[in-house]
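# Summary of the model geometry
One letter stands for each residue in the lines below.
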Amino acid sequence: MLVSLWNDVPHKGALKMITCSAPGKVYLFGEHAVVYGEPAICCAVDIRTRVSVDHADSITIRSTLGTTGIDFETHPYVSAVVERFQDISSLEGVSILISSEIPVGSGLGSSAAVTIATIKALDMLLGTGLELDDIARMGHEVEQRVQGAASQTDTYVCTMGGVVMIPQRKGLDLIDCGIIVGNTNIFSSTKELVANVSDLNKRFPDVIGPILSSIGMMSVAGKGLVNTKDYVSIGKLMNINQGLLDAIGVGCSELSSFTYAARNSGAYGAKITGAGGGGCMVAIAPHERVDDVAAAIGAAGGEVIVTKATDVGVKVESL
Ligand code: PMV
């Protein structure tokens, strides 16, 4: 796919394609609560977005969504990254080719991955010498520009890789068990779901406030459990976290059905990952039960991705 699309791109001079990639992510604990300053634990997963760049006379951005120049409708994140590099370098033309294993807009960090991989690829092409912290910061600024508001979670985890506690940015041990994602393929708007939780919190602060702090406490407990590799207890807390996400109104019947299917077929635990209301759920399971869990989520109607945690954040794939 990457090569055949790339062959159609007009290049300037010799082919000097640089390819960088960045991973997706799942939340073990803490989505929504993190918006209120509570801690969350996020884990980079081994499904990646790859971005290839080369010098060119004009700006071309190519993906399965289409071929455009700077275009905030079709390629908003990449367009914003290109404009950012035009501010800090002499960039005039570039060919950019995107290919991704991360489903778009499903809570797996697809926008952060394409943003961060593009920043790294342009950094390599233009020799701007950005450090990882600079890349994560620029990625966050780009997400804020495109989305209006964004937490640093996705861009930070996808830059650094590994399992990270947010907002402390503390790296935890890599989790060594199966990770199974079930995609509902139901579109959900993070902005809308965050607004719904905020409305609920304004209406019933004494009810919703303690739920959000309870979720935060699960991240605090989860931190020790990740480092002692106590996946049975992590699973139990993920199940409780799921109940509380349901309580604040970000569940849906498909997500419930997939989480029960996963638990009933040997998962340690299962919950929504990301904003909810559709999108994806995540289950963790012993390696020997991964196939059973994947089959159960599939039988319940989910599109399944079997993956694992990765400590590889943004990286250069080829120069
Ligand atoms: O669905 P995602 O991957 O965009 O995750 C949203 C997570 C929230 O906590 C609901 C919002 C946020 O910005 O942290």
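Residues numbered from 1 in each chain as written. Predicted model: local features only at pLDDT ≥ 70, side-chain atom pairs only at ≥ 80, totals over all residues. Heavy atoms only, no water.

Another aspect to go through is the site of the ligand. Looking at the ligand, there are 13 residues lining it, with K25, H32, S151, T190 and A275 nearest. In this structure, Y27 approaches the ligand through a side-chain N or O atom, which is 3.5 Å from an oxygen atom. Computed on the free molecule, the ligand has an accessible area of 380 Å², of which 86% lies beneath the protein chains in the complex. Counting residues per element, the ones that place at least two in the shell around the ligand are strand 1 (18–29) and helix 6 (190–203). The residue inventory of the shell around the ligand, partitioned by class, reads 5 nonpolar, 5 polar and 3 charged. When residues of the shell around the ligand are assigned to domains, at least three fall in each of domain 1 (2–171 + 311–318) and domain 2 (173–307). (Near = heavy atom within 4 Å. Polar contact = N/O pair within 3.5 Å; in protein donor to acceptor, adjacent residues only side chain to side chain. Areas by Shrake-Rupley, 256 points an atom, 1.4 Å probe, with all protein chains shown as cover. Helix = DSSP H or I, 4+ residues; strand = E, 2+ residues; numbered from the N terminus. Nonpolar A, V, L, I, M, F, W, Y, C, P; charged D, E, K, R; others polar. Domains from an automatic or database assignment.)

If you look at the biggest cluster of nonpolar residues, it comprises 87 residues, and the most contacted ones within it are L28, C43, V53, I96, I175 and I284. With 9 residues, helix 3 (residues 110–126) is the largest single contributor of residues to this core. No fewer than three residues from each of domain 1 (2–171 + 311–318) and domain 2 (173–307) sit in this core. (Core = buried A, V, L, I, M, F, W, Y, C linked by side-chain atoms within 4.5 Å. Buried < 20%, exposed > 50% of the residue type's maximum accessible area, 1.4 Å probe, protein only.)

Along the polypeptide, T68 turns up in strand 4 (residues 66–68). Look at T68 and you get buried, because its relative accessible area is 14%. A distance of 2.9 Å separates the side chain of T68 from the side chain of H75, its partner in a polar contact. Other than its neighbours up to four places away in sequence, T68 contacts I59, T60, I61, T74 and H75. (Contact = heavy atoms within 4.5 Å.)

Turning our eyes to something else, we now look at the packing of helix 2 (residues 76–88) against helix 4 (residues 132–147). Packing of helix 2 against helix 4 leaves a shortest axis separation of 9 Å and a crossing angle of 125 degrees. Classified by the angle their axes make, helix 2 and helix 4 are oblique. Between helix 2 and helix 4 lies a crossing whose hand is right-handed. When helix 2 is examined against helix 4, the residues P76, Y77, A80, V81, E83, R84, F85 and I88 are found in contact with a partner set consisting of M138, E141, V142, E143, R145, V146 and Q147. Among the residues forming the contact of helix 2 with helix 4, the class breakdown is 9 nonpolar, 1 polar and 5 charged. (Axes fitted to C-alpha atoms, helices over the stretch in contact; angles between N-to-C directions. Parallel < 35°, antiparallel > 145°, perpendicular 65-115°, else oblique. Left-handed = near helix turned anticlockwise from the far one by under 90°.)

Once that is clear, we can look at the domain arrangement of the protein. Accessible area lost upon the coming together of the parts is a frequently used measure of interface size. You can read the domains of the protein as domain 1 (2–171 + 311–318) and domain 2 (173–307). For domain 1 and domain 2, the distance between their C-alpha centres works out to 25 Å. Between domain 1 and domain 2, the contact holds 28 residues from the first and 40 residues from the second. Summed over the three residues of domain 1 that lose the most area to domain 2, namely F29, H32 and Y36, the buried surface amounts to 26% of that side. Where domain 1 packs against domain 2, one counts 1 salt bridge. Between K271 and E31 there is a salt bridge, with its nearest N and O atoms 2.9 Å apart. If you look at where domain 1 meets domain 2, you find 10 residue pairs in polar contact (both at pLDDT 80 or more). Broken down by secondary-structure element, the contributors of at least two residues to the side of domain 1 that touches domain 2 are strand 1, strand 2 (40–55) and strand 6 (163–166). Per element, the largest residue contribution to the side of domain 1 that touches domain 2 is 6 residues, and it comes from strand 2. Residue composition of the side of domain 1 that touches domain 2, by class: 17 nonpolar, 6 polar and 5 charged. (Buried area = accessible area lost by both parts, 1.4 Å probe. Salt bridge = Lys/Arg side-chain N within 4 Å of Asp/Glu carboxyl O.)

This part covers the pattern of salt bridges. One pass over the full model with this rule turns up 9 salt bridges. In this structure, R50 engages E101 in a salt bridge whose closest nitrogen and oxygen atoms are separated by 3.1 Å. Separated by 51 residues along the polypeptide, R50 in strand 2 and E101 in the loop between strand 5 (94–100) and helix 3 bring together distant segments of the chain. Among the residues examined, R50 registers a relative accessible area of 22% and is labelled partly exposed. A salt bridge links E83 to R145, with the nearest nitrogen and oxygen atoms 2.9 Å apart. Taken as a pair, E83 in helix 2 and R145 in helix 4 lie far apart in primary sequence, 62 residues in all. Each of R50, E101 and E317 takes part in a single network of salt bridges with overlapping partners.

A few words on the pairing of strand 3 (residues 59–63). For strand 3, a buried count of 5 out of 5 residues is recorded, marking the element as mostly surrounded by other parts of the structure. A two-sided burial pattern is seen for strand 3, the buried positions comprising I59, I61 and S63 on one face and T60 and R62 on the other. Examined bridge by bridge, strand 3 and strand 4 share 3 bridges and lie antiparallel to one another. In the sheet register, S63 faces strand 4, and the bridge partner there is G66. (Pairing = 2+ DSSP bridges.)

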